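# Coordinate analysis (summary)
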Amino acid sequence: MRIIIRDNSKEGSLWAAHYIAAKIKEKAARTSEPFVLGLPTGSTPLGTYAEFIRMVKAGELSFKNVITFNMDEYVALPREHPESYWSFMHHNLFDHIDIKKENVHILNGNAPDLAAECAAYEKAIVAAGGIDLFLGGVGEDGHIAFNEPFSSLSSRTRVVTLTQDTLEVNSRFFGGDPNAVPKQAMTVGVGTVLDSKEVLILAFGSKKARALQAAIEGPMSHYCTLSGLQNHPAGTIVCDEDSIGEVKVSSYRYFKAVEAAEK
């Protein structure tokens, strides 16, 4: 597992945006096949998305040959609802870059058959050639996507029931009322994410510190689904000084030394 530590979330967000942009350009230079990118929602990736937008408008990056798959979506929330992840992604990224509409994939939380929708999503990822890089965030309890604690580390795209902790955290987007947050969501599985060629997780702020400590130094466990990244051959966590604060001093020094040696 590779750990990139930056002073603050802004620096971490920019590092991630430039790293992903370089990967997109690298693949474009050697093949005409599209770059397949997994994407999250939430406040954590906003800085990275803003830099994507800036780069596209400046002519430094293009998404014309990029296919995206989002991590998750609420169940039974209208697509046009301002807090649907479809709305979030279009408002914060897709409406401002040159991606083709047909290349955007977001789970349909209003599909008549949710199980069939999940199965079709997995097949679409395979048909696209698999995900080259999955960008994600992490919850305060160590979950990735909506893979709450005790989700199988080999899980696939499915419907899940959200925990009370997640409802309370997400209530800030629903007027502060946990009861207004949809109780179910559709999510890619931990196994779906870990099947990607690369996984890049963003974690910023002191509220993520215990989750990072468990994922980095603790055992690989379904209690902290991010810990599954320990077994990935190309897993990276980009964090700031606040979020890395719970790891051992020796661990912190090791990661900083590795990064310094790579420069």
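We now turn to the structure provided with this report. (Residues numbered from 1 in each chain as written. Predicted model: local features only at pLDDT ≥ 70, side-chain atom pairs only at ≥ 80, totals over all residues. Heavy atoms only, no water.)

## Observations concerning the pairing of strand β3 (residues 66-70)
Of all the five residues making up β3, five are buried; the element is thus mostly covered by neighbouring parts of the structure. Of the two faces of β3, both are covered, the one formed by Val66, Thr68 and Asn70 as well as the one formed by Ile67 and Phe69. Where the polypeptide runs from strand β2 (residues 35-39) across helix α2 (residues 46-57) and back to β3, its parallel neighbour, the crossover connection is right-handed. Sheet topology places β3 next to strand β5 (residues 104-105); two bridges connect them, and they run parallel. Each residue of the ladder has a partner; that of Thr68, found in β5, is Val104. (Buried < 20%, exposed > 50% of the residue type's maximum accessible area, 1.4 Å probe, protein only. Helix = DSSP H or I, 4+ residues; strand = E, 2+ residues; numbered from the N terminus. Right-handed = clockwise from strand over helix to strand, strands pointing away. Pairing = 2+ DSSP bridges.)

## A few points about unusual backbone geometry
Even without being glycine, Ala76 reaches a positive phi, approximately 65 degrees. Position of Ala76 among the secondary structure elements: in the loop between β4 (72-74) and α3 (85-92). A positive phi angle is found at Ala145, which is not glycine, with a value near 50 degrees. Tracing the backbone through its elements, the reader meets Ala145 in the loop between β6 (133-136) and β7 (158-161).

## Section: the state of the cysteines
Going through the model one piece at a time under the given rule, you end up with zero disulfides. Between Cys224, a cysteine without a disulfide, and Cys239, which holds the nearest cysteine sulfur, the sulfur-to-sulfur distance is 14 Å. Residue Cys239 is classed as buried on the basis of its relative accessible area of 0%. (Disulfide = S-S within 2.5 Å.)

## A word on the packing of α2 against α3
Between α2 and α3, whose axes approach to 10 Å, the crossing angle comes to 45 degrees. Compared by their axis directions, α2 and α3 come out oblique. Residue-level inspection shows Leu46, Tyr49 and Ile53 of α2 in contact with α3, the latter providing Phe88, Met89 and Asn92. Counted by class, the contact of α2 with α3 contains five nonpolar, one polar and no charged residues. (Axes fitted to C-alpha atoms, helices over the stretch in contact; angles between N-to-C directions. Parallel < 35°, antiparallel > 145°, perpendicular 65-115°, else oblique. Contact = heavy atoms within 4.5 Å. Nonpolar A, V, L, I, M, F, W, Y, C, P; charged D, E, K, R; others polar.)

## A look at the packing of helix α1 (residues 9-30) against α2
The relative placement of two packed helices is expressed as an angle between their axes plus a distance between the axes. Relative orientation of the contacting elements α1 and α2 amounts to 50 degrees, with a least axis distance of 8 Å. Regarding the angle of α1 to α2, the classification is oblique. Judged by the twist between their axes, the crossing of α1 over α2 is right-handed. In this structure, α1 uses Ser13, Leu14, Ala16, Ala17, His18, Ile20 and Ala21 to contact α2, whose residues at the interface are Gly47, Thr48, Glu51, Phe52 and Met55. Here the residues of the contact of α1 with α2 are counted per class, giving seven nonpolar, four polar and one charged. (Left-handed = near helix turned anticlockwise from the far one by under 90°.)

## Comments concerning the sheet that holds strand β10 (residues 235-240)
Strands sit in the order β1-β10-β9-β6-β2-β3-β5 across an open sheet of seven strands; the sheet is parallel. The strands lining the two open edges of the sheet, one partner per strand, are β1 (2-6) and β5. Direction of pairing for β2 relative to β6: parallel, over a ladder of two bridges. Within β6, the residue paired with Leu37 across the bridge is Leu133.

## Here's the deal with the side chain of Lys208
Its place among the elements puts Lys208 in the loop between β9 (198-203) and α7 (209-217). There is no salt bridge for the buried Lys208, and the closest opposite charge comes from Glu140, which lies 6.4 Å off by N-O distance. A polar contact of 2.9 Å, which involves the side chain of Lys208, links it to the backbone oxygen of Val138. In contact with Lys208, not counting residues within four places along its chain, are Thr44, Val138, Gly139, Glu140, Ala203 and Ser243. (Lys, Arg positive; Asp, Glu negative; His and termini not counted. Salt bridge = Lys/Arg side-chain N within 4 Å of Asp/Glu carboxyl O. Polar contact = N/O pair within 3.5 Å; in protein donor to acceptor, adjacent residues only side chain to side chain.)

## Considerations on the nonpolar core
One finds Ile3, Ile201, Leu212, Ile216, Leu226, Ile237 and Ile244 to be the most contacted residues of the largest nonpolar core, which totals 35 residues. Looking at this core, the elements with two or more residues in it are β1, β3, α4 (114-127), α6 (190-194), β9, α7 and β10. Excluding residues within four positions of it along the chain, Ile244 makes contact with Ile3, Ile5, Leu212, Ile216, Cys239 and Tyr252. One finds Ile20, Leu37, Phe63 and Leu135 within the second-largest nonpolar core, a separate group that totals 33 residues. (Core = buried A, V, L, I, M, F, W, Y, C linked by side-chain atoms within 4.5 Å.)

Take it as geometry only, folks, not as evidence of what the structure does.
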